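One letter stands for each residue in the lines below.
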Amino acid sequence: MSAAVREFREESGLTIADPQLRGTFIWIDEVHCGIVHIVTATKWTGTLTDSEEGELQWHRIEDLGTLPGLASHQPLFLDAVMLDCDRFYSGAAVVREYKMVEYADNQSP
């Protein structure tokens, strides 16, 4: 979790005090394969600051899925990790020409 704390501080100016690994998302495209570790936190110190990653703003949890600019995979796990504290999300996608063409997760029946 130390890497998540460091990355969060570098990209937001905030130091998270209670990081929780809430899921993973794997994607494969024509050239790359990557994994995203989904970490949440409810306690932090510091002041939110912009970084090379972009302009940061606070938003209500229930509004996150409708924000412009989300990557196509982000709405797939937002509810699972933000609203249901007992679930661990695990998902994977195949991407072709910047579009998700296959998707599976542990939330679907």
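Preceding this section is the structure that the text describes.
Described in the following lines is the structure provided in the data block.

1. Considering the overall build of the protein
Of regular secondary structure, the protein possesses two helices and six strands. The C-alpha extent of the protein, read off along each of the three principal axes, is 40 × 30 × 30 Å. Across the 109 residues that make up the protein, the buried fraction comes to 21%. For the protein, the accessible area works out to roughly 7800 Å², and carbon and sulfur atoms hold 54% of it.

2. What about helix H2 (residues 74-82)?
All of the buried residues along H2 are Phe77, Leu78, Ala80 and Val81. Contacts from the buried residues of H2 go to strand E2 (20-28), strand E3 (33-40) and strand E5 (89-96).

3. Focus on the nonpolar core
Phe25, Ile38, Leu64, Phe77, Leu78, Ala80, Val81, Tyr89 and Ala93 form the largest nonpolar core, which has nine residues in total. At the level of elements, H2 and E5 are the ones that each hand at least two residues to this core. Tallying contributions element by element places H2 first for this core, with four residues. The contact partners of Ala93, leaving out residues within four places of it in the chain, are Phe25, Ile26, Trp27, Ile28, Met100, Glu102 and Tyr103.

4. Describing the sheet that holds E2
Across the sheet, four strands lie side by side as E3-E2-E5-E6; this open sheet has mixed pairing. The strands lining the two open edges of the sheet, one partner per strand, are E3 and strand E6 (99-105). Adjacent strand axes in the sheet meet at a mean angle of 20 degrees when their direction is disregarded.

5. A few points about the environment of Trp58
Mapped onto the elements, Trp58 comes out in the loop between strand E4 (44-46) and H2. In this structure the C-alpha to C-alpha distance between Trp58 and Leu48, which are 10 residues apart in sequence, comes to 8.7 Å. Setting aside residues up to four positions removed in sequence, Trp58 forms contacts with Leu14, Trp44 and Leu48.

6. A few points about the side chain of Asp18
Note on placement: Asp18 falls in the loop between strand E1 (14-16) and E2. Buried charged residue Asp18 carries no salt bridge. Nearest counter-charge: Lys43, at 4.6 Å. Here the side chain of Asp18 touches Thr42 through a polar contact of 2.5 Å, side chain to side chain. Within the structure, Asp18 has its side chain in polar contact with the backbone nitrogen of Lys43 (distance 3.0 Å). Discounting residues that sit within four places of it in the chain, Asp18 has contacts with Thr40, Ala41, Thr42 and Lys43.

7. Some details on a nonpolar patch on the surface
Together, Met1, Leu21 and Phe88 line one region of the surface with nonpolar side chains, adding up to about 270 Å² of accessible area. Taking the relative accessible area as the measure of exposure, Phe88 reaches 37% and is therefore partly exposed.

Basis of the calculations
- Residues numbered from 1 in each chain as written.
- Predicted model: local features only at pLDDT ≥ 70, side-chain atom pairs only at ≥ 80, totals over all residues.
- Heavy atoms only, no water.
- Helix = DSSP H or I, 4+ residues; strand = E, 2+ residues; numbered from the N terminus.
- Buried < 20%, exposed > 50% of the residue type's maximum accessible area, 1.4 Å probe, protein only.
- Areas by Shrake-Rupley, 256 points an atom, 1.4 Å probe, with all protein chains shown as cover.
- Contact = heavy atoms within 4.5 Å.
- Core = buried A, V, L, I, M, F, W, Y, C linked by side-chain atoms within 4.5 Å.
- Pairing = 2+ DSSP bridges.
- Axes fitted to C-alpha atoms, helices over the stretch in contact; angles between N-to-C directions.
- Lys, Arg positive; Asp, Glu negative; His and termini not counted.
- Salt bridge = Lys/Arg side-chain N within 4 Å of Asp/Glu carboxyl O.
- Polar contact = N/O pair within 3.5 Å; in protein donor to acceptor, adjacent residues only side chain to side chain.
- Patch = residues over 30% accessible without salt bridge, like charges linked within 9 Å, V, L, I, M, F, W, Y side chains within 5 Å.

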